[in-house]
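# Topology and contacts: notes
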Amino acid sequence: SLTDALRLTQAEVFLVPGNHDVQRTADQDRNLRRLLRDLRAGEETLDEVLANADDAGLLQRRQANYWAFAKSFGGPSTAEPRFHTRNILVHNQLKVRLLGLNTALLAADDLDHGRLRLGKGALAQLLATPAPSPDELVIALSHHPLGGGWLADEKEVEAWLRRHAHIHLSGHVHEASSEHLRKGSGGELVRVTAGAAHGDKAPKG
């Protein structure tokens, strides 16, 4: 309905998963539940776990339905569940690179704050092939905002974004905000957090 109203095709929609895109029933698996607990506690690193095919397969079960849905919107495969990218050309002049970050891979419950992680591997590979050109606008998207302590590795992720991205878009929280961040070297990052939207009806009166 939304794509019809905006006169977009599904292939023109760029999706990133959120905490409600996790299949909580997958966590009934004892091994997956134990793996998730260790990752959220920082007792295992996400990079090492995803380098193991069996462990990576366990984690990917948690968002299997989401990625199947995302494919109908031109989404990526689940070969690397933490990120995906897309290059587009706007008005035949502006080059835009979209970076989708999966901050919800470890989302589980109301205690997610400070227990989510992205990992260094995702950041290292995001701009590896090909490197963005100087005239390219880089927009990063994630469900969870940065600066609010949702990610355990938030400082590393934000430092990377300040070096490589121009705009960061996020959601999850219920209050919208925006910031224009500058650093001494001259780099800038515009950070926009959209307030969560949902279909609940407002109380009458």
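### Side note on the packing of aromatic side chains
Following the criterion strictly, the structure yields two aromatic pairs and no others. Ring centres of Tyr66 and Trp67 lie 4.9 Å apart, and the angle between their planes is 75°; on these two criteria the pair is classed as edge-to-face. An identical accessibility class is assigned to Tyr66 and Trp67; each is buried. Measuring from centroid to centroid gives 5.0 Å for Phe69 and Phe73, while their planes differ by 55°, and the two rings are tilted. Judged by its relative accessible area of 46%, Phe69 is partly exposed.

### Here's the deal with the pairing of strand S4 (residues 167–170)
Alternating residues of S4 divide into His168 and Ser170, all buried, and Ile167 and Leu169, none buried. Two strands pair when backbone bridges link them, and strand S3 (residues 136–142) and S4 are joined in this way by three bridges, in the parallel orientation. Bridge pairing in S4 places Ile139 opposite Ile167. For the handedness criterion, the β-α-β arrangement of S3, helix H7 (residues 154–164) and S4 is classed as right-handed. In this sheet, strand S6 (residues 188–193) lies alongside S4 in parallel orientation, the contact comprising four bridges. Looking across to S6, one finds that Ser170 is bridged to Thr193.

### Remarks on a nonpolar patch on the surface
Taken together, the side chains of Leu2, Leu6 and Leu8 make up a nonpolar region of the molecular surface, amounting to roughly 300 Å² of accessible area. Structurally, the position occupied by Leu2 is in helix H1 (residues 2–6). Residue class for Leu2 comes out exposed when judged on its relative accessible area of 62%.

### As for the packing of helix H2 (residues 30–41) against helix H4 (residues 53–61)
Contact geometry of H2 with H4 gives a least axis separation of 10 Å together with a crossing angle of 95°. Here H2 is positioned roughly perpendicular relative to H4, judged by the angle of their axes. Contacts between H2 and H4 pair Asn31, Leu32, Leu35 and Leu39 from the former with Asp55, Leu58 and Leu59 from the latter. Broken down by class, the residue content of the contact of H2 with H4 amounts to five nonpolar, one polar and one charged.

### Some remarks on the pairing of strand S1 (residues 83–90)
Judged from the eight bridges that link them, S1 and strand S2 (residues 94–101) form a sheet pairing that is antiparallel. From the neighbouring strand, Leu89 faces S2, where its bridge partner is Lys95. Hairpin remark: S1 followed by S2, antiparallel, with three residues in the connecting loop; positive phi at His91, about 55°.

### A word on the confidence of the model for the protein
Model confidence for the protein is summarised by a mean pLDDT of 85, while 86% of its residues fall at 70 or above. Confidence, read as mean pLDDT per element, is least for strand S5 (residues 177–182) in the protein (66) and greatest for H2 (96).

### Notes on the nonpolar core
Ranked by size, the top nonpolar core spans 35 residues in total, and within it Leu59 and Leu161 carry the most contacts. For this core, the elements supplying multiple residues, two or more each, are H2, helix H3 (46–50), H4, S2, helix H6 (120–126), S3 and H7. If you tally residues by element for this core, the top one is H2, at four residues. What Leu161 contacts, discounting residues up to four positions off in sequence, is Ala140, Leu146, His168 and Leu189. Among the nonpolar cores identified, the runner-up in size contains five residues, and Phe14, Val96, Leu98 and Ile139 belong to it.

### Some words on the pattern of salt bridges
Applying the stated criterion across every chain, the model contains eight salt bridges. Arg62 is paired through a salt bridge with Asp27; the nearest N and O atoms lie 2.8 Å apart. Linking Arg62 in the loop between H4 and helix H5 (64–71) with Asp27 in the loop between H1 and H2, this pair joins segments that are 35 residues apart in sequence. Residue Arg62 shares its accessibility class with Asp27, and that shared class is buried.

Criteria and thresholds
- Residues numbered from 1 in each chain as written.
- Predicted model: local features only at pLDDT ≥ 70, side-chain atom pairs only at ≥ 80, totals over all residues.
- Heavy atoms only, no water.
- Phe/Tyr/Trp six-rings, centres within 6.5 Å; stacked < 30°, edge-to-face > 60°.
- Buried < 20%, exposed > 50% of the residue type's maximum accessible area, 1.4 Å probe, protein only.
- Helix = DSSP H or I, 4+ residues; strand = E, 2+ residues; numbered from the N terminus.
- Pairing = 2+ DSSP bridges.
- Right-handed = clockwise from strand over helix to strand, strands pointing away.
- Patch = residues over 30% accessible without salt bridge, like charges linked within 9 Å, V, L, I, M, F, W, Y side chains within 5 Å.
- Areas by Shrake-Rupley, 256 points an atom, 1.4 Å probe, with all protein chains shown as cover.
- Salt bridge = Lys/Arg side-chain N within 4 Å of Asp/Glu carboxyl O.
- Axes fitted to C-alpha atoms, helices over the stretch in contact; angles between N-to-C directions.
- Parallel < 35°, antiparallel > 145°, perpendicular 65-115°, else oblique.
- Contact = heavy atoms within 4.5 Å.
- Nonpolar A, V, L, I, M, F, W, Y, C, P; charged D, E, K, R; others polar.
- pLDDT = per-residue confidence, 0-100.
- Core = buried A, V, L, I, M, F, W, Y, C linked by side-chain atoms within 4.5 Å.

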